[in-house]
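A look at the structure
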Amino acid sequence: MKEFNKVRYHGPKKLACYNPFVNLYFNSRGNAVACCRNQTAILGKYPENTPEEIWFGKTAQQLREKMSHNDLSMGCDFCEHQFLTKRFSGLPSMHSDRYATTKSVYPKILELELSNKCNLQCVMCSGIVSSSIRRHRECMEELQIVYDSKFVDNLEVFLAHAKEICFYGGEPFLIDLYYDIWRRLLKIKSKAKLHVVTNGTIWNEEIENLLKNLKFTISVSFDAMNKEVFESIRKGAKFETVKENILKFNKILKGKGLSLSITPIKSNWQELPGVIDFCNSLNATINVSYVENPYEMALWTFDSAKLAEIEDYYSQYKFKYSNNYNSTYNLEVFKQCINQISLYKTRNKRIELEYSSSLPEINQSEKIINKWSNEALIRNLIFPEELDKLNKLVKKVSESCDEQNKKSFYKKYAEFVTTEGFISLKNIRNKDLDFSRAEAKLLILAEPDSIYGTSYLDMI
């Protein structure tokens, strides 16, 4: 808390988080929570409960009581990890600090994720946040939209009291209910700050009019300055269109209120500094969103050597000169990114050493393999020339492995031949041994083990 308070934008506070007191979030399944990162402590559900029943309900009161003692045990696992890794810029509590009070009558901040309607199929997303993914990639029925015009009517008293309203998706500029809310805000002449997280693919006359007449800030998902990398991640988006719309947003916002959000994954980690340079040129702020899952895309599952390479690349990067206010903030966020990579590296190095020490030496595994080989020869399941060819194939595959993975490969190969080897020899033999099938199996055995955990929270 002492370290966190040193970097809080609105000064030190008594509590770690004020979201339960000032923030209300409705997700696409109808659940209402105090924070997007806490989907465990469900305060209520629409349409079974009205917004007022949810906000003044028993669960909301319990969560506020917990947080008034800085108790993160009621579903706040993500933030607990953020605290332990000292990555304070990513804490979802930061945005509620400006309203640091425990005495709110109505929420100061509304966060709305009323639909997953989206025109993209981003590689790290799921059908929960993209109707296109749910329909085309997951081949599932569309999520039922539980919100309706009655919800907007019930929300009106909340709209009148809100200081900030955030609109998520899906793609917010494709969600009809949001336009209903924006029109109602125009009608009541709302002064609330409106924040939209968009993929940047949509622009039309009504959006332009809304931006001119309400107080918007815009966050555009923008994962690369390289067209091919960008379009390989944001499936269905055109790089030129999104970049052009970013410039339109910035122009109409007069250089204030634009942010770019990048999600560093294994395919675009090199793009982060360039996107920050682009941010600095626009006087925009950067938001770095770390992937927890899919596991295979997440940076925290890189081995320590690769993480050291990333850390070195980031540390040596020379940013273009910029003297605006937001560039200072962006560089601080970047430094925290480097620190996060360093933490991943240190953790994974420790895991690798522990894992490596648990593996048998290669010569121990080879003794088991040789014993099996001799028995296979005695049983006439393999001929000497075939065994020689198989051993050369094993050596070839092993040479593609690093030292740690080579020990793992020989261990797994020894286990395989002693449990399934004789049966496999029979299965892959017609007249001759099928070495293409043998190689395919060896390559599977050579794949690195998932030793870093299967969940981001394993790092706690």
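Residues numbered from 1 in each chain as written. Predicted model: local features only at pLDDT ≥ 70, side-chain atom pairs only at ≥ 80, totals over all residues. Heavy atoms only, no water.

All right, on to the environment of Thr454 then. As for its placement among the helices and strands, Thr454 is situated in the segment after α19 (435-445). Its relative accessible area of 60% is what places Thr454 among the exposed residues. Note: C-alpha distance between Thr454 and Asn293 (161 residues apart in sequence) is 8.7 Å. Ignoring any residue separated from it by four or fewer positions in sequence, one finds Thr454 in contact with Asn293, Tyr295 and Trp300. (Helix = DSSP H or I, 4+ residues; strand = E, 2+ residues; numbered from the N terminus. Buried < 20%, exposed > 50% of the residue type's maximum accessible area, 1.4 Å probe, protein only. Contact = heavy atoms within 4.5 Å.)

On to the packing of aromatic side chains, then. Counted under the stated rule, the structure contains 35 aromatic pairs. The aromatic ring of Phe78 is capped on one face by Arg37, whose charged end is 3.9 Å from the ring centroid. (Phe/Tyr/Trp six-rings, centres within 6.5 Å; stacked < 30°, edge-to-face > 60°. Lys NZ or Arg CZ within 6 Å of the ring centre and 35° of its normal.)

Time to look at the sheet that holds strand β4 (residues 109-112). Here 9 strands make up an open sheet; going across it, the order is β3-β2-β1-β4-β5-β6-β7-β8-β9 and the pairing mixed. One side of each edge strand has no neighbouring strand; the edge strands of this open sheet are β3 (44-45) and β9 (285-288). In the sheet, strand β5 (residues 164-167) pairs with strand β6 (residues 193-198) via 4 bridges, with the strands oriented parallel. The partner of Glu164 across the bridge, within β6, is Lys193. (Pairing = 2+ DSSP bridges.)

Moving on to a positive patch on the surface. Where like charges cluster on the molecular surface, the positive patch consists of Lys189, Lys191, Lys193 and Lys215. The topology assignment puts Lys191 in the loop between α9 (176-187) and β6. The exposure class assigned to Lys191 is exposed, which follows from its relative accessible area of 68%. (Patch = residues over 30% accessible without salt bridge, like charges linked within 9 Å, V, L, I, M, F, W, Y side chains within 5 Å. Areas by Shrake-Rupley, 256 points an atom, 1.4 Å probe, with all protein chains shown as cover. Salt bridge = Lys/Arg side-chain N within 4 Å of Asp/Glu carboxyl O. Lys, Arg positive; Asp, Glu negative; His and termini not counted. Charge placed at Lys NZ, Arg CZ, Asp CG, Glu CD.)

Moving on, we come to the layout of surface pockets. Its volume calculated, the second largest pocket comes out at about 500 Å³. Around the second largest pocket, the lining comprises 24 residues; the ones closest to its centre are Asp303, Asp402, Pro448, Asp449 and Tyr452. Broken down by secondary-structure element, the contributors of at least two residues to the lining of the second largest pocket are α14 (304-316), α15 (325-358) and α18 (403-427). Tallied by class, residues from the lining of the second largest pocket come to 10 nonpolar, 7 polar and 7 charged. (1 Å grid on protein atoms, 1.4 Å probe; cavity = no way out; pocket = protein on both sides within 12 Å on 5 of 7 lines; lining within 4 Å. Points joined across faces, edges and corners; volume = space filled by probe spheres on them. Nonpolar A, V, L, I, M, F, W, Y, C, P; charged D, E, K, R; others polar.)

This next bit is on α15. Look at α15: 51 Å from first C-alpha to last across 34 residues, which is about the 50 Å you get at 1.5 Å a residue. With a side-chain oxygen lying 3.4 Å from the backbone nitrogen of Asn326, the N-terminal cap of α15 falls on Asn324. (Expected span 1.5 Å × (residues − 1). Polar contact = N/O pair within 3.5 Å; in protein donor to acceptor, adjacent residues only side chain to side chain.)

Within helix α13 (residues 272-282), 9 of the 11 residues are buried, leaving the element largely enclosed by the surrounding structure. Within α13, burial applies to Leu272, Pro273, Val275, Ile276, Asp277, Phe278, Cys279, Asn280 and Leu282. Those residues of α13 hidden inside the fold are in contact with α12 (239-252), β8 (258-262), β9, α14 and α15. Where α13 terminates, the next one or two residues include Asn283, which has phi positive at roughly 60°.

One can find His195 in strand β6. Spatially, the C-alpha atoms of His195 and Lys13 are 24 Å apart, while their sequence positions differ by 182 residues. Apart from residues no more than four positions distant in its own chain, His195 is found in contact with Ile165, Cys166, Phe167, Thr217, Ile218, Ser219 and Ser259. Of the polar contacts made by the side chain of His195, one reaches the side chain of Thr217; its length is 2.7 Å.

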